[in-house]
Amino acid sequence: MSKHVSRLLLVVALLVSALGGLTVAAQDDCNFVGEVPIGVIASLTGDRPKVGQSTVEAAEMVVEEINAQCGLQIDGENYEVVILVEDSESKGESAVAAATRLIVDEEVIAIIGPQASVEAVPAGQVANDRETPMISPWSTNPATTLDRPWVFRAAFLDPFQGPVVAGFAQEEFGVTTAAVLYDIASDYPKGLAENFRDAAEASGIEIVAFESFTTGDTDFSSQLTNIIRANPDVIFTPQYYNEVPLIVQQARELGYEGPILGSDSWGTPDLLDLCGDACNGLFFSTHYAPDIATDVAQTFISNYEELYGAKPDDVAALTYDAFQLLFTAIRDANSLDRADVRDALAAIELYEGVTGVMSFDEQGDPVKCAVIIKIVDGAFTYYDSACPAGFPPEDAGEPAATATPAS
Amino acid sequence: MDLSFLQQFINALQLGSLYALVALGYSMVYGVLLLINFAHGDIFMFGAFLGVFCSMTLKLPFVPTLLLSMILTALLGMTIERVAYKPLRHASRLSVVITALGVGLLLENGMLALTGADPRNYPEEFLVTTVYNIGGLSISNVKIIIIVLAFVLFLGLYLIVQRTKWGMAMRAISYDKFAVPLMGVSQNQIIALTFALGTALAAAGGILWGVAFPVLNPYMGMRVGWKAFIAAVVGGIGDVRGAFLGGLLLGFVEIFVVELGQYVGISSTWRDPIAFALLLIILVVRPTGLFGVARRQKV
Amino acid sequence: MSTLRQTVSRWLAPLRRQLGRTPVLAFMLAFLLAVLLEQQVGENFAKSLEFRKIPKFFGLVDIFEPFSDLDFSGILAPFFPSPSMDVETPIQDSGAAIGELVSTFWNALFYQGARNPGFFSVLVRVLVYDIVIFIVPILILALLLRGPTLWVLQRLPRWLALALHLGALYVVLMLWGADGGTRELILIYMGINIMLSASLNLVNGYMGEFSVGHAGFMAVGAYVSSVLTMVFFTNSSVFGPALLSPDLGLPFGFIIALLAGGVAAALAGLLVAFPSFRTRGDYLAIVTLAINFIVTGVINNMEVVGGPRGLNGVPLWTNLTWIFLFTVLSIAAIYNLVNSTLGKGIIAIREDEIASSLMGVNTRKLKLVAFLVSSFIAGVAGGLFAHQLAYVNPGNFGILKSTEALVMVYLGGMGSISGSIIAAVIFTILIEALRPLAVLKWVVIPLILILLMLFRPQGLFGFRELKLNLGLRPKPTQGQPTETEASDAAAAD
């Protein structure tokens, strides 16, 4: 008896829902005349689930914000922004599948993501071949955008960041020797480690140890013992937030007391929670300082905290900026044609985002400043900034560098 | 050889003890069931996460956390055996292995799905690190605790296997699993006990690992599991002494490839290929591992 | 319930009997016509069903889309707090998360906005679309075509009839699949997966060894063939201008590069084959695992090919035609091998190595052959994979990839080529269909695997082959009847 009833209910449910799909959704006050579909490729599973989570959170937030302002206005009409999220599983082939699906099936205007270069380089090939604008917020591998007019990024490149850190080490600590510990099997740390080494050697710092490990390792004691024996003035480790606490703690346990420097991959609040007191007093270079009082950044940070109950990491900040860049380009182009949007993106000059002022160079890489963060009492605090030569132009006004720290 | 060589020795002892604890469980299960329990690494992860539950949510101190987590994980191990492996006891060996692979994937991804992607650690007051500096040698209390506990647990297990009736039954089953039930020994009970012991050790390994390397995530067991599996095989899978020795050996190889590599000009980037090549050579020279006994095949 | 099923099956019995006598070729031709029908009316019909476009892959890729917002992470997270979380009342927090999940799930089932219809709505519309466009036309056309195709097939020599099948399959795939988008991509991954699982089955299924490092051979093939095509046939930023003309690249350069990749992978296979003379079983499993680690570790250290950065700029040459060609060749090679005298020897090794060697089987030679062939095919698959991604990275070929290959082999069943093929097809579709579930996908797939193993430990087709009614003329030597009762439906039981 009950079986029959449940079956009947199921059939009714099927019919109702089939009809439900046909009814038209209630319209908002904005009178949206259409949609702007934007694809998001994020690594929700695999090696980097946290990166994917931040990406999606930032994307959902920025889209909610823009739709609260009645979406994007093109020719005076309101268009609702819709994001379509695909999981790249932290794998190249899945990123390719996701990009293809977004471009061909979902007909997105543009793609934001994927973040890691392992995914962004092959996905960028798809976007470029299929003439769809793509912005990878976080990828630092030059190959992602190289000779690909349709592909952009929001993060600065290794060849810029390496010298920034090396220069900072020399100015701040007057170091003459340095050691590097990095993940050989991951392309971001490796690229940065090599750029740091080259820059340091060029400016007269001797690299006394250049040690590596493999992704997933948690024991660095042998490498650190070697490093400590070489007695460097400073250790540079361009690793991720989930490895830095281990490296710092193990270095301290093994008796190293000098400074440890890092890069933008440190910029996740999780680092502070995981590291505890051990990370106080350390420095790293990154895209933005959470305590700097630019309005854009402050609004972003407080909104994000309100929504998700945690401070945004650099992935979230860069993803947010990538979206805003795209929105700016769509408004400038006043069109939903992929080619128009691409041209407008390439033409963006001195855009002020959460992560500072930026312009795109001819490869689609951003020209922007880096900031040096010091970890003080378990918080990221602004310490210094470094800009590419001649950027930003004098008349544009100084960005982050002159702003006063809020705390 | 200077002091840092001795330092590396201690480093290797710590890493090796952790591998050894995980390898023991692999080896015991293999000895009794001839099953490569690929879920073992993920049970290790589960133990470490239960440690988070005990210490953060129940606010227990170190020793009760360790014990409670070992007990709960042992229950999980027996449940997995009962639900997923037991029905397949008479099926092809490889179907069980693949089931184990599936259970492992299920555990790690289920954990990720149910708890989210944030990395975990233990509260700071859990085990306060103190570093002793003895003549230039840095030793932390954590290292000492890990090494000592690992050896104590191994000795306890060894005594159980060698000196108790249960242990005798375990060895008997691994020797002849058809005759032993005829002697009135319950095969199911012995297998359940083996799983309980093996997984409890994995849980202990997981918590100690979490203390030594306090960044826990649901995928942490995958690599450790594969490595401990290799350690168990190199030691001679099925033998607890071999597994423990294999684990220590793997720790020493990993650390000393880096240490000795610098004298002969090999960068630490080559650590993994060289470590695995060394283990391969051991296997080629002794195809059944260090302690393994070649099973004579009856013709 | 049971009476209902009996009634239905009684009604369907004549149809099943009729379809059982229909040769595969008739279905293929019918499918071909259905594809033409879809091209004519599919777009409009899909629009009338409120789809924005024609459902891809029979809508299989669309039906789980409504569940993409499910988030289970709140259920246990309060009990396992991360350092950044403030949890006061774990049970209440967890309860709230469950409540939210239930409502999300309810919405996902029924309705969640104009652009995101509910699951049942999608399911019903996908079913309607498939039945109208594919199932009904194919059934009718196949029955109509049965007579003529049988008539033709009976008058053709066997080899020609087989070639006709392959030709028809190719035309169907090209017409339906070569859309340059999702379908083609899924079919390409499918082909690569078929090659991987079938080649691994040769070692794990037919020979009874347990190789767990198949991705290592794939990596060797991928890198060698990519380097060759880049050095000789493309002007790349990595290796400079092409040594030979880029015009020669297709088709000859590509074939040579793929074969060279296969040969290199086969050489790497020797690293496993030689230890296998002395080492067996789980110890050999370790050897294969270690070789996988070593291969990726060595590539990470090779600056020439980009190390961990990967090799970018591999020409995008793989397409459906190449995949079809190499998949068919690989399957044919493995099929012929296992059905030859050598193959019987390989199976004998699985059954009992010592006994087979006593009976005069040269076990060393056969192990060499099996490992070489298996790793050769994996290498070619790797080459095709690299030229599809246009980018190779050692991270692509880790333990996870090897695990996928293993899963496919045991899903399909050991010692069954058709099992491997079907498992690869199912697995690839499953991966794509479940993609919207994100984290849950890798919960669902292992669950399916475990349940399958518990209820069907031998896999879908363990040690059996799927028998298709090809409607061929009987082999001259064996007097078997052509009208075998076995058909798709019957063999799939």
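The rules behind each value
- Residues numbered from 1 in each chain as written.
- Chains lettered and ligands numbered in written order.
- Predicted model: local features only at pLDDT ≥ 70, side-chain atom pairs only at ≥ 80, totals over all residues.
- Heavy atoms only, no water.
- Contact = heavy atoms within 4.5 Å.
- Buried area = accessible area lost by both parts, 1.4 Å probe.
- Salt bridge = Lys/Arg side-chain N within 4 Å of Asp/Glu carboxyl O.
- Polar contact = N/O pair within 3.5 Å; in protein donor to acceptor, adjacent residues only side chain to side chain.
- Pairing = 2+ DSSP bridges.
- Helix = DSSP H or I, 4+ residues; strand = E, 2+ residues; numbered from the N terminus.
- Axes fitted to C-alpha atoms, helices over the stretch in contact; angles between N-to-C directions.
- Core = buried A, V, L, I, M, F, W, Y, C linked by side-chain atoms within 4.5 Å.
- Buried < 20%, exposed > 50% of the residue type's maximum accessible area, 1.4 Å probe, protein only.
- Arc of directions from axis to C-beta.

Undergrad: Help me understand the interface of chain B and chain C, please; the structure alone is not making it clear to me.
TA: Think of interface size as the accessible area that goes away when the parts come together; that is how it is often given. At the interface, 58 residues of chain B touch 50 residues of chain C. Both faces considered, chain B and chain C share a buried interface measuring about 4,800 Å² in area, 78% of it formed by carbon and sulfur atoms. In this structure, the connection of chain B to chain C is made through zero salt bridges. For the pair chain B and chain C, the interface holds seven residue pairs in polar contact (both at pLDDT 80 or more).

Undergrad: Got a minute to help me understand the sheet that holds strand 2 (residues 72–74) of chain A in this structure?
TA: Residues and elements named next belong to chain A. A sheet is described by the order of its strands in space; here six strands give the open sequence 2-3-1-4-5-6, paired in mixed fashion. Two strands close off the open sheet at either side, each with one partner strand: strand 2 and strand 6 (151–153). On average, each strand axis in the sheet is tilted by 30° relative to the strand beside it, whichever way the strands run. Sheet topology note: the strand 4 (residues 110–112)/strand 5 (residues 134–136) ladder contains two bridges and is parallel. Counted as the bridge partner of Ile111 is Met134 from strand 5. Across the sheet, helix 3 (residues 92–105) lies against strand 1 (34–42), strand 3 (77–87) and strand 4, angled at about 175° from strand 1, the strand it touches most.

Undergrad: Could you clarify how one ought to interpret the nonpolar core in this entry?
TA: The tendency in soluble globular proteins is for nonpolar side chains to be buried as a group. Formed by 288 residues in total, the largest nonpolar core has its most connected members in B:Phe38, B:Tyr85, B:Phe229, C:Phe210 and C:Leu384. The residues touching B:Tyr85, leaving out its near neighbours within four places in the chain, are B:Leu35, B:Asn37, B:Ala39, B:Ile80, B:Val96, B:Thr99, B:Ala100, B:Val103 and B:Phe195. The next biggest cluster of nonpolar side chains, apart from the first, holds 42 residues, and it includes A:Ile112, A:Leu345, A:Val354 and A:Met358.

Undergrad: Looking at this structure, how should I read helix 13 (residues 341–351) of chain C?
TA: Residue pairs three or four apart in sequence face the same way in an α-helix, which turns once every 3.6 residues. Residues and elements named next belong to chain C. What helix 13 keeps buried is the set Gly343, Gly345, Ile346 and Ile349. One side of helix 13 holds all its buried residues, which, seen down the axis, span an arc of 160°. Exposed residues lying more than 90 degrees from the buried face of helix 13 are Thr341 and Glu351. Looking at the buried residues of helix 13, the elements they touch are helix 7 (182–206), helix 12 (320–338), helix 14 (353–358) and helix 15 (363–389). One side-chain oxygen of the residue at the start of helix 13 lies 3.3 Å from the amide nitrogen of Leu342, identifying that residue as Ser340.

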